[in-house]
Amino acid sequence: MSEVQRRKYSQEEKTSIFDGEFMPHIDSMYNFAFRLTFDEDDAKDLVQDTYMKAFRFINSFEQGTNAKAWLFRILKNSFINEYRKKSKQPAKVDYQEVETFYNSDDVDYQSTSDLRAESVKDMLGDEISNALNALAVDFRTVIILADLEGFTYEEMAKILDIPIGTVRSRLHRARNLLKEQLKGYAQSMGYNTDEEEEG
């Protein structure tokens with residue numbers, strides 16, 4: 001049997017847990033989903049799928065534990081499963097949509113806003129956001145979980161289903177990659193980056 005004890009919640013208890021413990025994290029879930037997918041609609045779909053699974057499997061959730069970590073793990077697993085499914089499909093282009101766009105008067109109009117910047121505009125500058133988004137998904141994920149969402153190493157290990165040592169080494173590598181990408185920007189802002197190279 002699994003280590004998770006399944007409890008039979010009443011419908012009223014399920015609703016209470018969902019509304020009281022799961023829904024307060026919906027904004028964090030969306031921000032995480034968007035940082036993984038880079039697409040507003042895909043992020044919304046991923047969050048919706050996560051919350052549907054959370055409700056469906058609510059009996060495996062232990063009330064009073066870290067609901068946010070539990071939801072993040074569901075979201076991460078859903079993302080990986082969807083990513084694997086999409087990577088096996090050939091690329092699709094909606095030529096009707098492309099033709100309609102280029103035949104419209106709005107050709108020079110930027111039709112998509114950069115939600116990466118908007119979603120964390122008070123936390124990150126454009127250079128940092130762009131550098132973070134350029135990281136591979138495994139590295140981007142640990143940075144988001146640790147530095148933006150504030151999860152502990154133990155919580156991250158559970159969310160990502162990897163050993164704590166792997167979390168630490170991946171986070172260290174991710175921060176170093178981010179530091180390298182931001183080195184030029186730091187220098188342009190007047191920071192001396194030469195000292196850290198020797199240490």
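Everything below is about the structure shown above.
Note that the structure is a prediction, hence the values are computed from the model and not measured. (Residues numbered from 1 in each chain as written. Predicted model: local features only at pLDDT ≥ 70, side-chain atom pairs only at ≥ 80, totals over all residues. Heavy atoms only, no water.)

### Concerning the packing of helix α8 (residues 137-148) against helix α10 (residues 164-188)
Short version of the rule: Axis angles are defined between N-to-C directions and span 0 to 180 degrees, where every axis is a line fitted to C-alpha atoms and, for a helix, only to the segment in contact. Labels follow the DSSP assignment, with helices taken as runs of H or I lasting at least four residues and strands as runs of E lasting at least two, numbered in each case from the N terminus. For classification purposes, an angle smaller than 35 degrees is called roughly parallel, one larger than 145 roughly antiparallel, one from 65 to 115 roughly perpendicular, and anything else oblique. Note on contacts: a residue pair is in contact if any heavy atoms of the two residues lie within 4.5 Å.
At a minimum axis separation of 9 Å, α8 and α10 run at an interaxial angle of 100°. The orientation of α8 with respect to α10, classified from their angle, is roughly perpendicular. Along its contact with α8, which presents D138, F139, V142, I143, A146 and D147, the element α10 presents R170, L171, R173, A174, R175, L177 and L178.

### Digging into unusual backbone geometry
How we decide: Think of it in three bands: with a 1.4 Å probe and only protein chains considered, a residue is buried below 20% of the maximum accessible area for its type, exposed above 50%, and partly exposed in between.
Although it is not a glycine, F38 adopts a positive phi angle of roughly 60°. You can see F38 is positioned in the loop between α2 (26-37) and α3 (40-56). Look at F38 and you get partly exposed, because its relative accessible area is 30%. With phi around 60°, D161 is a residue other than glycine that occupies positive phi space. Relative to the helices and strands, D161 resides in the loop between α9 (153-160) and α10. Classification of D161 by relative accessible area gives exposed; the value is 53%.

### Looking at the environment of M156
With respect to the helices and strands, the residue M156 is situated in helix α9. The class for M156 is buried, based on a relative accessible area of 0%. Measuring from C-alpha to C-alpha, the distance between M156 and V142 comes to 7.6 Å, with 14 residues separating the pair along the chain. What M156 contacts, discounting residues up to four positions off in sequence, is V142, L145, A146, F151, D161 and V167.

### Brief notes about a nonpolar patch on the surface
Just so we agree on the cut-off: Here a patch means residues that are over 30% exposed by relative accessible area and free of salt bridges, tied together within 9 Å if like-charged and within 5 Å if nonpolar (Val, Leu, Ile, Met, Phe, Trp, Tyr). Residue exposure ignores everything except the shown protein chains as possible cover, and the areas themselves are Shrake-Rupley values with a 1.4 Å probe. Salt bridge, as used here: a side-chain nitrogen of Lys or Arg that lies within 4 Å of a carboxyl oxygen of Asp or Glu.
A grouping of Y185, M189 and Y191 is seen on the molecular surface, where their side chains present a nonpolar patch of about 350 Å² in accessible area. Looking at the secondary structure, you find M189 in the loop between α10 and α11 (194-198).

### Looking at the pattern of salt bridges
Scanning all chains against the criterion turns up 5 salt bridges. Of the charged contacts, one joins K44 and E40 as a salt bridge, the two residues approaching to 3.3 Å between their closest N and O atoms. Taken as a pair, K44 and E40 lie in helix α3 at a separation of 4 residues, close to a single helical turn. Between R73 and D161 there is a salt bridge, with its nearest N and O atoms 3.2 Å apart. Here D161 lies in the loop between α9 and α10 and R73 lies in helix α4 (residues 67-87), a separation of 88 residues in the sequence. Among the residues examined, R73 registers a relative accessible area of 30% and is labelled partly exposed.

### A look at the packing of aromatic side chains
Note the cut-off: Between 30 and 60 degrees the pair is tilted, below 30 it is stacked and above 60 it is edge-to-face, where a pair is any two Phe, Tyr or Trp rings, Trp via its six-membered ring, whose centres lie within 6.5 Å. Only lysine NZ and arginine CZ atoms are considered, and such an atom sits over a ring when it is within 6 Å of the ring centre and within 35 degrees of the ring normal.
As enumerated under the stated definition, the model contains 9 aromatic pairs in all. With 5.4 Å between their ring centres and 25° between their planes, F22 and W70 make a pair best called stacked. Of this pair, F22 sits in helix α1 (residues 11-22) while W70 sits in helix α4; the two residues are 48 residues apart in sequence, bridging distant segments of the chain. Among the aromatic residues, ring-to-ring pairing joins F18, F22, Y51, F55, F61 and W70 into one connected group. A cation over a ring is seen here: K68 above F151, with NZ or CZ 5.3 Å from the ring centre.

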